[in-house]
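Chain by chain, the residues run as shown.
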Amino acid sequence: MKENSIANRYAKAMIGSLKNDKEYNMVRSQLQDFQHLLEVNPEFRAGMETSLFSKQQKIELFESIHAKVKFSAQAEKFILEIIDANRIPVMDAILEVME
């Protein structure tokens, strides 16, 4: 239940920050791409979710991926906020709310 309220808050904040449907669709697609990376790479997901890595290490890990898979500024900022708040485990729920 708590996960749903957190996901709702993050999804609503993201949706509220976007200018139009085109931007919304682009960012949602990029967030889905990031989620797909988490799903197909269990080691990546584990690294992003573990408390063994510092936030800075997680940010550096994301930036190494971002160098190869370009995200818009909005998607990048949102992902970095999710990392900073240790909310990677609720990415699935956030995307469900954004559907």
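What this report covers is the structure whose coordinates are included nearby. Throughout, a residue's number is its position along its own chain's written sequence, starting from 1. Under the rules for a predicted model, residues below a pLDDT of 70 receive no local features and side-chain atom pairs below 80 are neither given nor counted, while totals for whole chains, interfaces and linings still include all residues. Computation of side-chain values covers all heavy atoms of the structure but excludes hydrogens and water.

### Observations regarding the packing of aromatic side chains
Point 1. For Phe, Tyr and Trp, where Trp contributes only its six-membered ring, two rings pair if their centres lie within 6.5 Å, and the inter-plane angle classes them as stacked under 30 degrees, edge-to-face over 60, or tilted in between. Summed over all chains, the structure comprises five aromatic pairs.
Point 2. Between tyrosine 10 and phenylalanine 78, the ring centres sit 6.4 Å apart and the planes meet at 75°, which makes this aromatic pair edge-to-face. Of the two residues, tyrosine 10 sits in helix α1 (residues 2-17) while phenylalanine 78 sits in helix α5 (residues 73-84), which places them 68 residues apart along the sequence.
Point 3. An aromatic cluster is built from Phe34, Phe44, Phe62 and Phe71, whose rings are joined through pairwise contacts. Secondary structure is summarised from DSSP: a helix means a run of H or I of at least four residues, a strand means a run of E of at least two, and numbering begins at the N terminus for each.

### Some remarks on helix α2 (residues 21-40)
Point 1. The length a helix should cover is 1.5 Å for every residue beyond the first. Under the 1.5 Å per step criterion, the end-to-end length of α2 is 28 Å for 20 residues, consistent within 8% with the ideal 28 Å.
Point 2. The complete set of buried residues in α2 reads Glu23, Tyr24, Val27, Arg28, Gln30, Leu31, Phe34, Gln35 and Leu38. Buried residues in α2, looked at end-on, bunch into an arc of 160°, giving them a common side. Of the residues in α2, the exposed ones pointing more than 90 degrees away from the buried face are Asp21, Lys22 and Glu39.
Point 3. Any pair of N or O atoms that falls within 3.5 Å is considered a polar contact. Within protein, one atom must be able to donate a hydrogen and the other to accept it, and sequence-neighbouring residues count only if both atoms are side-chain atoms. Capping of α2 at its N-terminal end is provided by asparagine 20; its side-chain oxygen lies 3.1 Å from the backbone amide nitrogen of lysine 22. For the exposure calls, accessible area comes from a 1.4 Å probe over protein chains only, and a residue counts as buried if that area is under 20% of its type's maximum, exposed if over 50%, partly exposed in between. Throughout, the arc means the angular range of directions from the helix axis out to the C-beta atoms.

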